[in-house]
Amino acid sequence: MSNLESLYQQVLAELGENVEREGLLDTPKRAAKAMQFLTSGYTTDLHEVVNNAVFTSDNDEMVVVQGIEFYSLCEHHMLPFIGRCHIGYLPSGKVLGLSKFARIVDMFGRRLQIQENMTKQIAEAVEEVTGCRGVGVIVEAQHMCMMMRGVQKQNSMMRTSVMKGDFRSNAATRDEFMRLIGL
Ligand SMILES: [Zn+2]
């Protein structure tokens, strides 16, 4: 049994469970494996993720990738927060392969996070790998720590946004992005 597995077994025992009962025998192992997957973003390298999928392009118009779903864990409760991420950027000679946006979102989602920081990290990563003139990232999510416990509110949604470069300095660019994603 790995260290993480035995820690999960201790958690079960502390919760008053019988760790020997059939349904729980492999639970520490499964929980450890699941948690390692859900936090695999810590060991993901941005440049490996992008893997040279940055292509020369003379398109300098806004590119928007909308509705990238993600599953993260809040760092305060280690409970899921689940939502969608919208990314827009203004290329400056280079465009990024479409699937790489989803991989960047997963890289930062699969960690213990707060939504505000995740939004910023995604924006900075897109800026870093593309050298774009500007980037906007909007994340909308529901937080299980608010739904299942605490105030137990089921229908609130948190929206965070980070605007950099032209998206920050130019209201028309920001408005175009908002319009394209339907906000
Ligand atoms: Zn929380």
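This one's a predicted model, so the numbers in the text were calculated from it and none came from an experiment.

*Asks:* Looking at this model, I keep getting lost on helix H2 (residues 27-38). Mind explaining?
*Replies:* Given a rise of 1.5 Å per residue, 12 residues ought to cover 16 Å, and the 16 Å separating the end C-alpha atoms of H2 matches this to within 8%. Among all positions in H2, only Thr27, Pro28, Ala32 and Met35 are buried. One face of H2 carries all of its buried residues, which in axial projection span an arc of 130 degrees. Structural note: H2 exposes Lys29 and Lys33 on the side pointing more than 90 degrees away from its buried face.

*Asks:* How should I be thinking about the coordination of the zinc ion in this particular structure?
*Replies:* Each angle at a metal carrying four tetrahedral donors should ideally be 109.5 degrees, and each at a metal carrying six octahedral donors should ideally be 90 or 180 degrees. Protein coordination at the zinc ion: the donors are Cys74 (SG), His77 (ND1) and Cys145 (SG), at 2.2 to 2.3 Å from the metal. Residue classification places His77 among the partly exposed positions, given a relative accessible area of 36%. Overall, the relative accessible area of 12% leaves Cys145 in the buried class.

*Asks:* Would you mind showing me how to read the environment of Asp166 here?
*Replies:* Mapping Asp166 onto the fold places it in helix H7 (residues 166-169). Leave out the neighbours within four places in its chain, and Asp166 touches Leu90, Arg133, Gly134 and Thr173.

*Asks:* Would you mind going over the pairing of strand S2 (residues 63-74) with me for this structure?
*Replies:* Successive side chains on a regular strand alternate, one facing one side of the sheet and the next facing the other. Direction of pairing for S2 relative to strand S3 (residues 80-90): antiparallel, over a ladder of nine bridges. From the neighbouring strand, Phe70 faces S3, where its bridge partner is Gly83. Counting the residues between successive antiparallel strands, the hairpin from S2 to S3 contains five residues, one of them, Met78, with a positive phi of roughly 55 degrees. Examined bridge by bridge, S2 and strand S5 (residues 112-113) share two bridges and lie parallel to one another. Counted as the bridge partner of Leu73 is Leu112 from S5.

*Asks:* Explain the domain arrangement of the protein to me, please; I cannot follow it from the model alone.
*Replies:* How big an interface is tends to be stated in terms of the accessible area lost upon association of its parts. Taken domain by domain, the protein comprises domain 1 (3-38) and domain 2 (46-180). Between domain 1 and domain 2, the C-alpha centre-to-centre distance is 33 Å.

*Asks:* Would you explain the packing of helix H1 (residues 3-14) against H2 in this entry?
*Replies:* For any two helices packed against each other, the geometry is given by the interaxial angle and the distance between the axes. Where H1 contacts H2, the axes come no closer than 8 Å and their chain directions differ by 120 degrees. Considering the relative orientation of H1 and H2, their crossing is right-handed. Here Leu4, Glu5, Tyr8, Gln9 and Leu12 of H1 lie close against H2, whose contacting residues are Thr27, Pro28, Lys29, Ala31, Ala32, Met35 and Gln36. Per-class residue counts for the contact of H1 with H2 are seven nonpolar, three polar and two charged.

*Asks:* Sorry if this is basic, but what is going on with the sheet that holds S2 here?
*Replies:* As summarised here, the arrangement of the five strands in space is S5-S2-S3-S6-S7, forming an open sheet in which the pairing is mixed. Pairing within the sheet leaves two strands with one partner each, and these edge strands are S5 and strand S7 (158-165). With respect to the sheet, helix H5 (residues 115-130) is in contact with S2, S3, S5, strand S6 (134-143) and S7, its orientation differing from that of S7 by roughly 30 degrees.

*Asks:* Honestly, the environment of Val49 in this entry has me stumped. Any pointers?
*Replies:* One can find Val49 in helix H3 (residues 46-50). You can call Val49 buried: its relative accessible area is 10%. It is 19 Å that separates the C-alpha atoms of Val49 and Pro91, two residues lying 42 residues apart in sequence. Once you skip the residues sitting within four places of it in the chain, Val49 turns out to touch Thr44, Lys100, Arg103, Ile104 and Met107.

*Asks:* Even after reading the chapter, I still don't get unusual backbone geometry, so can you show me in this structure?
*Replies:* Phi is mostly negative for residues that are not glycine, and the peptide bonds are mostly trans. The phi torsion at Asn52 lies on the positive side, around 65 degrees, for a residue other than glycine. One can find Asn52 in the loop between H3 and strand S1 (54-56). Judged by relative accessible area, Asn52 falls into the exposed class, the value being 68%. Of note in this structure, Met78 is not a glycine but carries a positive phi near 55 degrees.

What counts and what doesn't
- Residues numbered from 1 in each chain as written.
- Predicted model: local features only at pLDDT ≥ 70, side-chain atom pairs only at ≥ 80, totals over all residues.
- Heavy atoms only, no water.
- Helix = DSSP H or I, 4+ residues; strand = E, 2+ residues; numbered from the N terminus.
- Expected span 1.5 Å × (residues − 1).
- Buried < 20%, exposed > 50% of the residue type's maximum accessible area, 1.4 Å probe, protein only.
- Arc of directions from axis to C-beta.
- Donors = N, O, S within 2.8 Å, 3.2 Å for Na, K, Ca; no water.
- Contact = heavy atoms within 4.5 Å.
- Pairing = 2+ DSSP bridges.
- Domains from an automatic or database assignment.
- Axes fitted to C-alpha atoms, helices over the stretch in contact; angles between N-to-C directions.
- Left-handed = near helix turned anticlockwise from the far one by under 90°.
- Nonpolar A, V, L, I, M, F, W, Y, C, P; charged D, E, K, R; others polar.

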